[in-house]
Amino acid sequence: MRQPIDIDYTFKAIVGIASPLLGVITSLQEQVEWTLRVASLIVGLAVGIMSLVSMIKKMRRK
């Protein structure tokens, strides 16, 4: 027969895992923010280029 899940033990395990992870994320916050800004810039440029190519293709059809 399975043992019942100990909720208190489970919460302690989750907090024990989340605390150091939150500390690492907090210490790397500047690098994470920089990476997200660069990634959003790259996505914006890609969308702009795709829109420009689409507009050029439509103009050539006419």
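Note that the structure is a prediction, hence the values are computed from the model and not measured.

A. Summary view of the overall build of the chain. A count of helices and strands for the chain gives two helices and zero strands. Its C-alpha atoms give the chain a radius of gyration of 24 Å, clearly above 11 Å, the size a compact globule of 62 residues would have. For the chain, the proportion of its 62 residues judged to be buried stands at 0%. Accessible area of the chain: about 6,300 Å², with a carbon and sulfur share of 71%. Distance between charge centroids for the chain: 31 Å, based on 8 positive and 4 negative side chains.

B. Main features of the environment of Gly16. Within the element layout of this structure, Gly16 appears in helix H1 (residues 7-27). Taking relative accessible area as the criterion, Gly16 reaches 45% and is therefore assigned partly exposed. Gly16 sits 31 residues away from Val47 along the chain, and the two C-alpha atoms are 41 Å apart.

C. Structural detail: helix H2 (residues 29-61). Taking 1.5 Å of rise per residue, 33 residues should cover 48 Å, and H2 covers 48 Å from first to last C-alpha, within 8% of that figure. For H2, the tally of buried residues reaches only zero of 33 residues, placing the bulk of the element at the surface.

D. Fine view of a positive patch on the surface. On the surface, Lys57, Lys58, Arg61 and Lys62 cluster together to form a positively charged patch. Locating Lys62 in the fold gives a position in the segment after H2. Taking the relative accessible area as the measure of exposure, Lys62 reaches 87% and is therefore exposed.

E. Local environment of the pattern of salt bridges. One pass over the full model with this rule turns up two salt bridges. The partner of Lys12 in a salt bridge is Asp8, and the shortest N-O contact between them spans 3.6 Å. One end of the pair is Lys12 and the other is Asp8, both in helix H1 and four residues apart, which spans about a single turn. Lys12 gets classed as exposed once you look at its relative accessible area, which sits at 56%. Residue Asp8 is classed as partly exposed on the basis of its relative accessible area of 46%. Across the salt bridge formed by Arg37 and Glu33, the nearest N and O atoms sit 2.8 Å from each other.

Conventions used here
Residues numbered from 1 in each chain as written. Predicted model: local features only at pLDDT ≥ 70, side-chain atom pairs only at ≥ 80, totals over all residues. Heavy atoms only, no water. Helix = DSSP H or I, 4+ residues; strand = E, 2+ residues; numbered from the N terminus. Rg over C-alpha atoms; globule rule 2.2 N^0.38 Å. Buried < 20%, exposed > 50% of the residue type's maximum accessible area, 1.4 Å probe, protein only. Areas by Shrake-Rupley, 256 points an atom, 1.4 Å probe, with all protein chains shown as cover. Lys, Arg positive; Asp, Glu negative; His and termini not counted. Charge placed at Lys NZ, Arg CZ, Asp CG, Glu CD. Expected span 1.5 Å × (residues − 1). Patch = residues over 30% accessible without salt bridge, like charges linked within 9 Å, V, L, I, M, F, W, Y side chains within 5 Å. Salt bridge = Lys/Arg side-chain N within 4 Å of Asp/Glu carboxyl O.

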